[in-house]
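As a plain string of letters, each chain reads:
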Amino acid sequence: MKANKKSLVLLIAAASLFMIMFNSFGDDLPAGAVPIISCVEGNLTYYVEAGDKVKKGDPLFFIECNDFPLMTIKKCKQDIIYFKRVYDRKKRLATTNSVAVQELDDAWHDYHVAVTQLAITETQIRSGFYTAPFDCEIVRLEAPPTSGMGDGNPVVYVKEIK
C-alpha cells in the first residue's frame, strides 16, 4: 500500500513538473508567434534583438557548426590552389611524355576532389545561416548570444508583420 502511494505521489509530481515546463514555453508568446528552429549544432551568433522588425531575407542568426569550422574553407581553398598547380604542371609534362597518363589522371582527380570538398563545406556552413522567412518582428531570443545550440531547438520566435 505504501509503495502505491509513493508511486502515485511521484507520478503526480512528475506530471506537475511537466505541466509547469510545458506551460512556461508558450504562455508569454503572442498569438501567431512561430519558432525558427536550428538544423545544425554549434555556437550561436545573433544579428537581431527582441523587438526588431526585419524584412524577408534579412539575417537573423548564424550557428557555426562544430563539425565544420570556418577555417576549413581556408584549408579547402589552399588545397585547390595546390592541386591545380600540380595538375597544370603534370599536364605540361604530359605533352612531352615526361609523366605517365596515370599521374596526370591522379592529379586531375585530386584537383576535382578539392573543388568538391570546398563546395560541400560551404554548403554545410551556409546551412547554419538563418534569414527571416517573411517580414516579421522578433518576439523572443531563446538562448544567450555565443552560447551553444543543438539542432532541432527553437532559436528565435518571430511574428509576421502584416
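Because the structure is predicted, anything quoted here is derived from the model rather than measured.

1. With respect to the packing of aromatic side chains
Alright, step 1. Going through the model one piece at a time under the given rule, you end up with 4 aromatic pairs.
Alright, step 2. Pairing Phe61 with Tyr130 gives two aromatic rings, centres 4.4 Å apart and planes at 20 degrees, and the pair type is stacked. One end of the pair, Phe61, is in strand E4 (residues 59-65); the other, Tyr130, is in strand E5 (residues 129-131), and 69 residues separate them in sequence. Neither Phe61 nor Tyr130 differs from the other in exposure class; each is buried.
Alright, step 3. Among the aromatic residues, those joined into a cluster by ring pairs are Tyr47, Phe62 and Phe129.

2. A few points about the side chain of Arg140
Alright, step 1. Topologically, Arg140 is positioned in strand E6 (residues 136-141).
Alright, step 2. We classify Arg140 as buried; its relative accessible area is 16%.

3. Quick notes on the sheet that holds strand E1 (residues 34-37)
Alright, step 1. Read from one edge of the open sheet, 4 strands run E1-E8-E6-E3, paired in antiparallel fashion. With partners counted over all chains shown, the strands left at the sheet margins are E1 and strand E3 (53-54), one partner each.
Alright, step 2. In this sheet, E6 lies alongside E3 in antiparallel orientation, the contact comprising 2 bridges. Across the sheet, the residue bridging to Val54 is Cys136, located in E6.

4. Points about the nonpolar core
Alright, step 1. In terms of nonpolar packing, the biggest core is built from 19 residues, with Leu44, Leu60, Phe61, Ile63, Val155 and Val156 touching the most fellow members.
Alright, step 2. The element contributing the most residues to this core is E4, with 4 residues.
Alright, step 3. In this structure, Leu44 is in contact with Phe61, Phe62, Ile63, Ala143, Pro144, Pro145, Thr146, Ser147, Met149 and Val155, ignoring residues within four places of it in sequence.
Alright, step 4. By size, the runner-up hydrophobic cluster in this structure holds 6 residues, among which are Ile73, Cys76, Tyr111 and Leu118.

5. Let's talk about the confidence of the model for the protein
Alright, step 1. Looking at the protein, the pLDDT average stands at 79 and 77% of residues meet or exceed 70.
Alright, step 2. Here helix H1 (residues 2-26) stands out as the least confident element of the protein, with mean pLDDT 44; E3 is the most confident, with 94.
Alright, step 3. The model gives residues 8-26 a pLDDT under 50, and that stretch makes 1 contact with residues more than four places away or in other chains.

6. Thoughts on the sheet that holds strand E2 (residues 42-46)
Alright, step 1. Reading across from one edge, E5-E4-E2-E7 is the order of the 4 strands in this open sheet, with antiparallel pairing throughout. The sheet terminates laterally at E5 and strand E7 (148-149), the two strands that pair on one side only.
Alright, step 2. Judged from the 3 bridges that link them, E4 and E5 form a sheet pairing that is antiparallel. Bridged to Phe62 within E5 is Phe129.

Cut-offs used in this document
Residues numbered from 1 in each chain as written. Predicted model: local features only at pLDDT ≥ 70, side-chain atom pairs only at ≥ 80, totals over all residues. Heavy atoms only, no water. Phe/Tyr/Trp six-rings, centres within 6.5 Å; stacked < 30°, edge-to-face > 60°. Helix = DSSP H or I, 4+ residues; strand = E, 2+ residues; numbered from the N terminus. Buried < 20%, exposed > 50% of the residue type's maximum accessible area, 1.4 Å probe, protein only. Pairing = 2+ DSSP bridges. Core = buried A, V, L, I, M, F, W, Y, C linked by side-chain atoms within 4.5 Å. Contact = heavy atoms within 4.5 Å. pLDDT = per-residue confidence, 0-100.

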